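Residue-level listing of the chains:
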Amino acid sequence: CLGSVQHLKATYLDGYTVDLQLRSHASSHIIERIKSYVLETAFPFSSLSEQHNRFLKFAIPNKSNEGISVGLGGLFRVFEEMKSDPSLMVETYSLSQSTLEQVFIQFAKKGDGAICGNENAMVQPNTC
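Residues numbered from 1 in each chain as written. Predicted model: local features only at pLDDT ≥ 70, side-chain atom pairs only at ≥ 80, totals over all residues. Heavy atoms only, no water.

**Let's talk about the overall build of the protein chain**
Phase 1 of the analysis: Looking only at helices and strands, the protein chain features four helices and four strands.
Phase 2 of the analysis: Beginning at the N terminus, the succession of helices and strands in the protein chain can be written as α-β-α-β-β-α-β-α.
Phase 3 of the analysis: Put simply, the protein chain has 128 residues, and 31% of those count as buried.
Phase 4 of the analysis: Once local pairs closer than 6 in sequence are excluded, the contacts in the protein chain between residues at least 24 apart make up 60%.
Phase 5 of the analysis: Approximately 7,700 Å² of the protein chain is accessible, and the part contributed by carbon and sulfur atoms is 51%. (Helix = DSSP H or I, 4+ residues; strand = E, 2+ residues; numbered from the N terminus. Buried < 20%, exposed > 50% of the residue type's maximum accessible area, 1.4 Å probe, protein only. Contact = heavy atoms within 4.5 Å. Areas by Shrake-Rupley, 256 points an atom, 1.4 Å probe, with all protein chains shown as cover.)

**Describing the sheet that holds strand β3 (residues 55-61)**
Phase 1 of the analysis: Spatially, four strands are ordered β2-β3-β1-β4 in an open sheet, and the strand pairing comes out antiparallel. Of all the strands in the sheet, the pair left with one neighbour each is β2 (47-52) and β4 (90-97). Strand-to-strand twist in this sheet, taken as the mean axis angle between neighbours without regard to direction, amounts to 15 degrees.
Phase 2 of the analysis: Judged from the seven bridges that link them, strand β1 (residues 15-22) and β3 form a sheet pairing that is antiparallel. What sits directly across from G15, in β3, is P61.
Phase 3 of the analysis: Contacting β1, β3 and β4, helix α3 (residues 72-84) crosses the sheet at an angle of about 170 degrees to β4. (Pairing = 2+ DSSP bridges. Axes fitted to C-alpha atoms, helices over the stretch in contact; angles between N-to-C directions.)

**Brief notes about the nonpolar core**
Phase 1 of the analysis: Of all hydrophobic cores here, the largest spans 24 residues; its most connected members are L20, I34, F43, I60, L75, F79 and M82.
Phase 2 of the analysis: Elements with a minimum of two residues in this core: β1, α2 (28-42), β3, α3 and β4.
Phase 3 of the analysis: Residue contacts for F79: discarding those within four places in its chain leaves V18, L20, V38, F43, I60, Y93 and L95. (Core = buried A, V, L, I, M, F, W, Y, C linked by side-chain atoms within 4.5 Å.)

**Here we look at unusual backbone geometry**
Phase 1 of the analysis: A positive phi is found at N53, a non-glycine position, where the angle reads about 55 degrees.
Phase 2 of the analysis: Along the chain, N53 turns up in the loop between β2 and β3.
Phase 3 of the analysis: You can call N53 exposed: its relative accessible area is 68%.
Phase 4 of the analysis: Even without being glycine, M89 reaches a positive phi, approximately 60 degrees.
Phase 5 of the analysis: For M89, the location among the structural elements is in the loop between α3 and β4.

**A closer look at the pattern of salt bridges**
Phase 1 of the analysis: Scanning the model with the defined rule gives four salt bridges in all.
Phase 2 of the analysis: Between D19 and K57 there is a salt bridge, with the nearest N and O atoms lying 3.8 Å from each other. With a gap of 38 residues between them, D19 in strand β1 and K57 in strand β3 connect regions that are remote in the sequence.
Phase 3 of the analysis: The salt bridge involving E81 is made with R77; its shortest N-O contact spans 3.9 Å. Placement of the pair is E81 and R77 together in helix α3, with a separation of four residues, close to one helical turn.
Phase 4 of the analysis: Within the structure, one salt-bridge network assembled from shared partners comprises D19, E50 and K57. (Salt bridge = Lys/Arg side-chain N within 4 Å of Asp/Glu carboxyl O.)

Nothing here speaks to function; it is geometry throughout.
Right under this line is the structure:
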């Protein structure tokens, strides 16, 4: 698909990425508790995009399923509260806007044309 960087990001990955690194002695129970809290309570419209031992990466859209905007302030508040709770063992976190690289990775994961709805053909600029 063609368009400006901001257009591509807004069309395909409008939202934020949150990386959480847990302390070295965080148990699998703590990890599951954090995943459950983020995915079911704090941001039920988000998804877990990666997990490697004590590292968790969440994709959080700009808007909830009900169309309510999610701002950076709300994200920082939730993750600061999690970091300040010693029982959750959050060592560090980072928030970032989705990148253009993530747009291309998304295209690669879905296959040629899958994002635009035609999995049997290459992406055509006028179909997006």
